[in-house]
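Each chain, letter by letter, is given below.
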Amino acid sequence: MKVLVPVKRVVDHNVKIRVKSDGSGVDVANVKMSMNPFDEISVEEALRLKEAGVASEVIVVSIGPAKVEDVLRTALAMGADRAILVETEDKTEPLAVAKILKGVAEAERPGLIIAGKQAIDDDSNQTGQMLSALLGWPQATFASKLEIAEGAAIVTREVDGGLQVIGVTLPAVVTTDLRLNSPRYASLPNIMKAKKKPLERKTPADFGVDTTPRLKVLKTEEPEVRKAGIKVKSVAELVEKLKTHAGLI
Amino acid sequence: MFLSDIHEQVRETARQFADEVIRPVAVELDEQERFPAEIYKEMGALGLFGIGVPEEMGGPGLDTLAYSVVMEELSRGYASVADQCGLVELITTLLVRHGTQEQRTRFLSTIMTAETRVAYCLTEPEAGSDLSGLRTFAERNGTGWKLNGGKIWIHNAPVADVGFVLARTDKNAGHRGMSIFIVDLNQKGVERGPKEHKMGQRASQVGALTFTDVVLPADALLGEEGRGFHMMMSVLDKGRVGIASLAVGIGQAGLEAALDYAQQRRQFGNAIVEFQGVQWLLAEMARDVEAARLLVRSAAMKIDRGDEATKACSMAKWFASDMAVARTADAVQVFGGSGYIRGFEVERLYRDAKITQIYEGTNQIQRMIVARQLIKQGARG
Ligand SMILES: Cc1cc2nc3c(=O)[nH]c(=O)nc-3n(C[C@H](O)[C@H](O)[C@H](O)COP(=O)(O)OP(=O)(O)OC[C@H]3O[C@@H](n4cnc5c(N)ncnc54)[C@H](O)[C@@H]3O)c2cc1C
């Protein structure tokens, strides 16, 4: 069974992001970029399936400008077998990405697609679900545990108020949550080996997809600055402040 | 700067590992002077031991620049851990360059996984900067050798399995009368002194070794008899790049800690980073860390291109280690009293920095080397 893992290049999670002065978006000039953390978890899960003999090949795909090759190389260095880069300069939106991934899936025929539940840049949390709908495959989102058994995936999902276990027949789309696993580091020998692994270049047109943005960003602004707190001298004062100042109790 | 995509990826692995695995335990390792075997095992699995070992010998086959980048990042986490990486790099470089096929197969793979712990044994009570004072002696014993003498201040001596020991094999031949032996340190006749308690890099286990009639087989000899001194020296260029990178990592950690603290600490109604006096300390730290990094990478690239690199490596080691000591002292200054208190990172960094001016050739010795090369090659060499 082939496993397909889409990966996105985003602003590194350690970077303190800044909004551009004209409010048109987040400033990404000279900012460290890396693989979306949920996608690292997806790659890790796919690699574990391969190591367990369940998956035969792990294919990673990224959609974006030429620079997204970075995160594909990282995924290859973690252990993925080959990579597909679908190059576009357009800002990528979930629907266009899902359509392209559908095209990739039709060409590659994976038994499983493992995607991050969301990307930490726009936090859309839509691509996996849209992809499942477009392909007509079942979906299991927010996975914190994944087992493959006889043509089906048993997925433990993190839902409000607890965990839910569902079974989906394969092929299926699974999206990963934070607690699924902790991704490995790319070892130095694997970084060297990744140099020789195949990376195929495509364009959205190859899949008949138009990536022109459908969404218009009206304004981007910083969250309100947190106001400084106050210090209290005693428990009595704390209780009083909670009552009068914050109106919490 | 100067880094290819591969180098960037290597740096990312070392950086993440340092941030997530090494740095969180540095305080504890320093306090308890503990050998972090579990960290070394993980580093072995990541290919961080024996970075330059060629792919056909089972290593990652990366260059000196990659080694330098790894050393800097690991040291940002904790210098003692980086120093273990540096030590293994020296030994594996010796084995790759001078070992027989049989010696390589026997040792390389388990050294790279950190199963076999190694020591690089030069220094003796009478032979520090001046190795011509070397007394340890190996005499012929049948087809093999018999070793007598002792070493001091040997990194890993209390825990090592195998020592790479420089010994005299000809008492009358000076530097040409020394050879290297691969010595099983768990055998009869080898005694380990107690672990030394050091100012800094306290997780590194350092101590003495004494050899009394230690019987060595013929194949304990590494490389050619009589070439030991030159072989040891031939890996020191790379070793100095390693220590210089380690010093840059300490400086970088100090800069990061100081900048962070200066933005948080408030006095006179302002964050202290608003005061020009503090800004200038930070600016100087940043300048010198970067200058040292450039010298180090330029030296590493000279080695990788096969250029004459001795002077560049000595300058890098000398400059970077002086930088680390001076600028971590500034980092302590930025922290004020807190910087002098155990548990604050900069207090440890300052202590960890000092040894970089001493080991791998003191900075006085580096001056001698630079001057000698200058006179030999001219000012443009
Ligand atoms: C923590 C630690 C780890 C070590 N690890 C190892 C190891 O793994 N393997 C190993 O073999 N050794 C190791 N050493 C030893 C280290 O390499 C030596 O301490 C170092 O080479 C200096 O030798 P020395 O201490 O005998 O000083 P000395 O040579 O006695 O020097 C004392 C002072 O005199 C100066 N000096 C000496 N000669 C001259 C000269 N001609 N001109 C000007 N100044 C001069 C020196 O610069 C120094 O300032 C380690 C030492 C320490 C402290």
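From a predicted model like this one, the values you see are computed outputs, not experimental measurements. (Residues numbered from 1 in each chain as written. Chains lettered and ligands numbered in written order. Predicted model: local features only at pLDDT ≥ 70, side-chain atom pairs only at ≥ 80, totals over all residues. Heavy atoms only, no water.)

Asker: Teacher, can you tell me more about the overall build of chain B here?
Answerer: Secondary structure summary: chain B contains 12 helices and 10 strands in total. For a compact globule of 381 residues, the expected C-alpha radius of gyration is about 21 Å, and chain B comes in at 21 Å, within 12% of that figure. The dimensions of chain B, computed from C-alpha atoms along their principal axes, are 80 × 50 × 40 Å. Buried positions account for 56% of the 381 residues belonging to chain B. A sequence separation of at least 24 residues applies to 74% of the contacts in chain B between residues at least 6 apart. Here chain B contributes 43 positive and 49 negative side-chain charges, whose respective centroids are spaced 5 Å apart. (Helix = DSSP H or I, 4+ residues; strand = E, 2+ residues; numbered from the N terminus. Rg over C-alpha atoms; globule rule 2.2 N^0.38 Å. Buried < 20%, exposed > 50% of the residue type's maximum accessible area, 1.4 Å probe, protein only. Contact = heavy atoms within 4.5 Å. Lys, Arg positive; Asp, Glu negative; His and termini not counted. Charge placed at Lys NZ, Arg CZ, Asp CG, Glu CD.)

Asker: Honestly, the sheet that holds strand β1 (residues 2-6) of chain A in this entry has me stumped. Any pointers?
Answerer: Neighbouring strands of a sheet are bound in pairs by backbone hydrogen bonds; such pairs are parallel or else antiparallel. Residue and element names in this part refer to chain A. As summarised here, the arrangement of the nine strands in space is β9-β8-β7-β10-β6-β1-β4-β5-β11, forming an open sheet in which the pairing is mixed. Of all the strands in the sheet, the pair left with one neighbour each is β9 (162-169) and β11 (199-202). With direction set aside, neighbouring strand axes in the sheet form an average angle of 30°. Both strand β8 (residues 152-159) and β9 contribute to a ladder of eight bridges, which runs antiparallel. Paired with I154 across the bridge in β9 is G167. In this fold helix α3 (residues 94-108) packs onto β1, β4 (57-64), β5 (82-87), β6 (112-116) and β11, with an angle of close to 150° to the strand it touches most, β4. (Pairing = 2+ DSSP bridges. Axes fitted to C-alpha atoms, helices over the stretch in contact; angles between N-to-C directions.)

Asker: Before we go on, may I ask you to explain empty space enclosed by the protein in this structure?
Answerer: A water-sized probe, rolled over the atoms, reveals where empty space remains. For the structure on display, the rule yields four cavities of 30 Å³ or more. The computed volume of the largest cavity comes to approximately 340 Å³. A class-by-class count of the residues in the lining of the largest cavity yields nine nonpolar, 12 polar and five charged. (1 Å grid on protein atoms, 1.4 Å probe; cavity = no way out; pocket = protein on both sides within 12 Å on 5 of 7 lines; lining within 4 Å. Points joined across faces, edges and corners; volume = space filled by probe spheres on them. Nonpolar A, V, L, I, M, F, W, Y, C, P; charged D, E, K, R; others polar.)

Asker: Honestly, the pairing of strand β5 (residues 178-184) of chain B in this entry has me stumped. Any pointers?
Answerer: In the case of a regular strand, side chains alternate between the two sheet surfaces. Residue and element names in this part refer to chain B. In terms of burial, β5 is a largely internal element, six of the seven residues being buried. Relative to strand β8 (residues 221-222), β5 runs antiparallel, the two being bridged by two bridges. Following the sheet pairing, F181 is matched in β8 by L221.

Asker: What is the right way to read helix α1 (residues 37-51) of chain A from this model?
Answerer: Residues separated by three or four positions in an α-helix point in the same direction, a consequence of the helix having 3.6 residues per turn. All names here are of chain A. For α1, which comprises 15 residues, the first-to-last C-alpha distance of 21 Å matches the rise-based estimate of 21 Å (1.5 Å per residue) to within 8%. Buried residues dominate α1, accounting for 11 of its 15 residues. Residues P37, F38, D39, I41, S42, V43, E44, E45, A46, L47 and L49 constitute the buried set of α1. Phi for G53, located one or two positions after α1, is positive at around 80°. (Expected span 1.5 Å × (residues − 1).)

Asker: Before we go on, may I ask you to explain the UniProt feature "domain: Acyl-CoA dehydrogenase/oxidase N-terminal" (unreviewed entry) in chain B in this structure?
Answerer: In this structure's numbering, the residues bearing the UniProt feature "domain: Acyl-CoA dehydrogenase/oxidase N-terminal" (unreviewed entry) are residues 5-114 of chain B. Along residues 5-114 of chain B the backbone is 73% helical and 0% strand, and the end-to-end C-alpha distance reaches 27 Å. (UniProt positions renumbered as here; feature names shortened; annotations may be inferred.)

Asker: Looking at this structure, I do not really get the UniProt feature "domain: Acyl-CoA dehydrogenase/oxidase C-terminal" (unreviewed entry) in chain B. What am I missing?
Answerer: As recorded in UniProt, the feature "domain: Acyl-CoA dehydrogenase/oxidase C-terminal" (unreviewed entry) lies at residues 226-374 of chain B. Along residues 226-374 of chain B one finds 77% helix and 3% strand; the C-alpha atoms at either end are 28 Å apart.

Asker: Sorry, what's going on with the pattern of salt bridges here?
Answerer: Summed over all chains, the structure comprises 51 salt bridges over all chains. Notably, a salt bridge pairs B:E12 with A:K32, separated by 2.8 Å at the nearest N-O pair. With B:E12 in helix α1 (residues 5-22) and A:K32 in the loop between β2 (9-11) and β3 (33-35), the pair connects residues from two separate chains. B:E347 is paired through a salt bridge with B:R351; the nearest N and O atoms lie 2.8 Å apart. Of this pair, B:E347 and B:R351 both sit in helix α11 (residues 345-354), four residues apart, which is roughly one turn of that helix. Judged on exposure class, the residue B:E347 and its partner B:R351 are both buried. Overlapping salt bridges bring together B:E8, B:R11, B:R15, B:D19, B:R23, B:E73, B:R76, B:E256, B:E345, B:R348 and B:D352 as one network. (Salt bridge = Lys/Arg side-chain N within 4 Å of Asp/Glu carboxyl O.)

Asker: Before we go on, may I ask you to explain the interface of chain B and chain A in this structure?
Answerer: How big an interface is tends to be reported as the loss of accessible area on association of its parts. At the junction of the two partners, chain B supplies 19 residues and chain A supplies 14 residues. Between chain B and chain A, a total of about 1,400 Å² is buried, with carbon and sulfur atoms accounting for 61% of that surface. If you sort the residues of chain B by the area they bury against chain A, B:I6, B:Q9 and B:L46 come out on top, with a joint share of 35%. Where chain B packs against chain A, one counts two salt bridges. Along the contact surface separating chain B from chain A lie four residue pairs in polar contact (both at pLDDT 80 or more). Considering every element that reaches the side of chain B that touches chain A, the biggest residue donor is α1(B), with nine residues. Class assignment for the residues of the side of chain B that touches chain A results in 11 nonpolar, five polar and three charged. (Buried area = accessible area lost by both parts, 1.4 Å probe. Polar contact = N/O pair within 3.5 Å; in protein donor to acceptor, adjacent residues only side chain to side chain.)

Asker: Help me understand unusual backbone geometry, please; the structure alone is not making it clear to me.
Answerer: A negative phi angle is the norm for most residues apart from glycine, just as the trans form is the norm for most peptide bonds. All names here are of chain A. Cis geometry is adopted by the peptide bond preceding P171, which originates at L170 and carries an omega value of 0°. As for its position among the elements, P171 is in the loop between β9 and β10 (172-176). Although it is not a glycine, N30 sits at a positive phi angle of roughly 55°. Mapped onto the secondary structure, N30 falls in the loop between β2 and β3. Relative accessible area serves as the criterion here: at 83%, N30 is assigned to the exposed category.

Asker: Any chance you could explain the UniProt feature "domain: Electron transfer flavoprotein alpha/beta-subunit N-terminal" (unreviewed entry) in chain A here in plain terms?
Answerer: According to UniProt, the "domain: Electron transfer flavoprotein alpha/beta-subunit N-terminal" (unreviewed entry) feature falls on residues 23-211 of chain A. The distance separating the terminal C-alpha atoms of residues 23-211 of chain A is 23 Å; by composition the span is 30% helix and 31% strand.

Asker: Teacher, can you tell me more about the nonpolar core here?
Answerer: As a rule of thumb, soluble globular proteins bury nonpolar side chains together. Residue and element names in this part refer to chain B. Membership of the largest hydrophobic core comes to 144 residues, with the highest contact counts inside it found for F17, M43 and Y120. Top element by residues in this core is helix α8 (residues 236-264). It accounts for 14 residues. Excluding its chain neighbours within four sequence positions, the residues that come into contact with Y120 are L87, L90, I91, L94, I154, F164, M232, V235 and L236. Counting residues in hydrophobic clusters, the runner-up holds 20 residues, among them I154, V165, A167 and F211. (Core = buried A, V, L, I, M, F, W, Y, C linked by side-chain atoms within 4.5 Å.)

Asker: Help me understand helix α4 (residues 127-135) of chain A, please; the structure alone is not making it clear to me.
Answerer: Residue and element names in this part refer to chain A. Residues of α4 that are buried: G128, L131, S132 and L135. When α4 is viewed along its axis, its buried side chains cluster within an angular range of 100° and face the same direction. Buried positions along α4 lie against α3, β6, β7 (139-149) and β10. Note on α4: the residue one or two positions beyond its end, G136, has a positive phi of about 75°. (Arc of directions from axis to C-beta.)

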